[in-house]
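# Close look at the chain arrangement
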Amino acid sequence: MSAPTSRRDPERRWRLDGARTFVTGGTKGIGRAIVDMMLDRGARVFTTARDGEVLAARLDEWRTLGDAHGVTSDVSRDEDRAAVVEAVADHFDGELDVLINNVGTNVRKPLVDYEGSEIAHIFDTNLHSAVDLCRRCFDLLTRSDRAASVVSVLSVAGLTHVRSGAPYGMTKSALVQLTRNLAVEWAPHGIRVNAVAPWYTRTPLVEGVLSDPEYRAEVLARTPMDRIAEPEEVAAAVVFLSMPAASYVTGHCLAVDGGFLINGY
Ligand SMILES: NC(=O)c1ccc[n+]([C@@H]2O[C@H](COP(=O)([O-])OP(=O)(O)OC[C@H]3O[C@@H](n4cnc5c(N)ncnc54)[C@H](OP(=O)(O)O)[C@@H]3O)[C@@H](O)[C@H]2O)c1
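About the cut-offs
Residues numbered from 1 in each chain as written. Predicted model: local features only at pLDDT ≥ 70, side-chain atom pairs only at ≥ 80, totals over all residues. Heavy atoms only, no water. Salt bridge = Lys/Arg side-chain N within 4 Å of Asp/Glu carboxyl O. Helix = DSSP H or I, 4+ residues; strand = E, 2+ residues; numbered from the N terminus. Buried < 20%, exposed > 50% of the residue type's maximum accessible area, 1.4 Å probe, protein only. Phe/Tyr/Trp six-rings, centres within 6.5 Å; stacked < 30°, edge-to-face > 60°. Lys NZ or Arg CZ within 6 Å of the ring centre and 35° of its normal. Contact = heavy atoms within 4.5 Å.

### Here we look at the pattern of salt bridges
Taken as a whole and assessed by the stated rule, the structure comprises 19 salt bridges. A salt bridge links Glu218 to Arg163; the shortest N-O distance between them is 2.7 Å. On the criterion of sequence distance, the pair formed by Glu218 in helix α8 (residues 213–221) and Arg163 in the loop between β5 (148–153) and α6 (166–186) is long-range, its members being 55 residues apart. We classify Glu218 as partly exposed; its relative accessible area is 37%.

### Overview of the environment of Met170
Here Met170 shows up in helix α6. When the C-alpha atoms of Met170 and Gly70 are compared, they prove to be 30 Å apart, with 100 residues separating the residues in sequence.

### Some points on the packing of aromatic side chains
Taken as a whole, this structure holds seven aromatic pairs when the rule is applied. Ring plane angle 85 degrees and centroid distance 6.0 Å describe the contact between Tyr200 and Tyr215, whose orientation is recorded as edge-to-face. Taken as a pair, Tyr200 in the loop between β6 (191–198) and α7 (204–210) and Tyr215 in helix α8 lie far apart in primary sequence, 15 residues in all. Here the two residues Tyr200 and Tyr215 agree in accessibility, since each one is buried. Here Lys109 stacks its cationic end above the ring of Tyr114, 5.6 Å away from the centre of that ring.

### What to know about the side chain of Arg81
Inspection of the secondary structure puts Arg81 in helix α4 (residues 78–91). Exposure remark for Arg81: the relative accessible area of 6% places this residue in the buried category. Once you skip the residues sitting within four places of it in the chain, Arg81 turns out to touch Val75, Ser76, Asp124, His128, Ser129, Asp132, Leu133 and Arg136.

Next up, the structure:
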């Protein structure tokens, strides 16, 4: 496979002009920052979330920045995933350049305290949604007329133990392996597959746990950079991996963690 033509065009390597991009969970937190940055780099963005009012408000803001569209869906549900991918295909005339699997949720407690339904919900939301969306978007990505790319938002909890509860860590860890397998399977189709693994990031998902001053202090004590990430710092890694600038990077999981993972004793 030949190198992309933008290899010799420094301006285009750092832009996503016209890239048809599907971001799950784009209305809040890290997903919102990803949509903002994708639009800033020139991408056309389609997003989805469950809350229609918040989605409508975001779309109003984004339309002043660029080409943004979205529909409500719950990607933990198979029928919603089928419908949202159909809507993406309609919107982008059967082609897709970038898929960002960002949706994730958590309930944290000791393993024996979970109800089976809670574990199933974490698996459906974090793992099954991303696996199924990759499968459903494959044909659209193969029709991309540029190097297509998938980026999933994982977590350091998929790479080491953190106090997030076992099911969450298991889903994120399984997605590391999905990333590696698809990177190899899909390279002949011109599709790169990567992931990012954030540590604590200032979003609604972790507002509750970080509002406990003792817990926050313990988190910071384990973080060499001594602060929580901003959503834009995670989004920047996701957008980089989607760009022509990352044209030879595939199967990689990039930690965005202020040094947490390399912090031995
Ligand atoms: N924040 C952190 O410290 C942190 C650290 C490591 C990894 N992560 C990962 O980063 C990703 C984003 O997390 P975040 O902190 O930005 O979360 P967040 O603040 O809770 O935002 C999640 C976004 O996804 C949407 N969403 C949630 N469940 C959905 C579903 N079933 N179907 C469709 N949309 C759904 C939400 O909108 P609706 O509620 O309207 O659906 C929202 O737009 C997740 O995969 C998370 O595991 C986060």
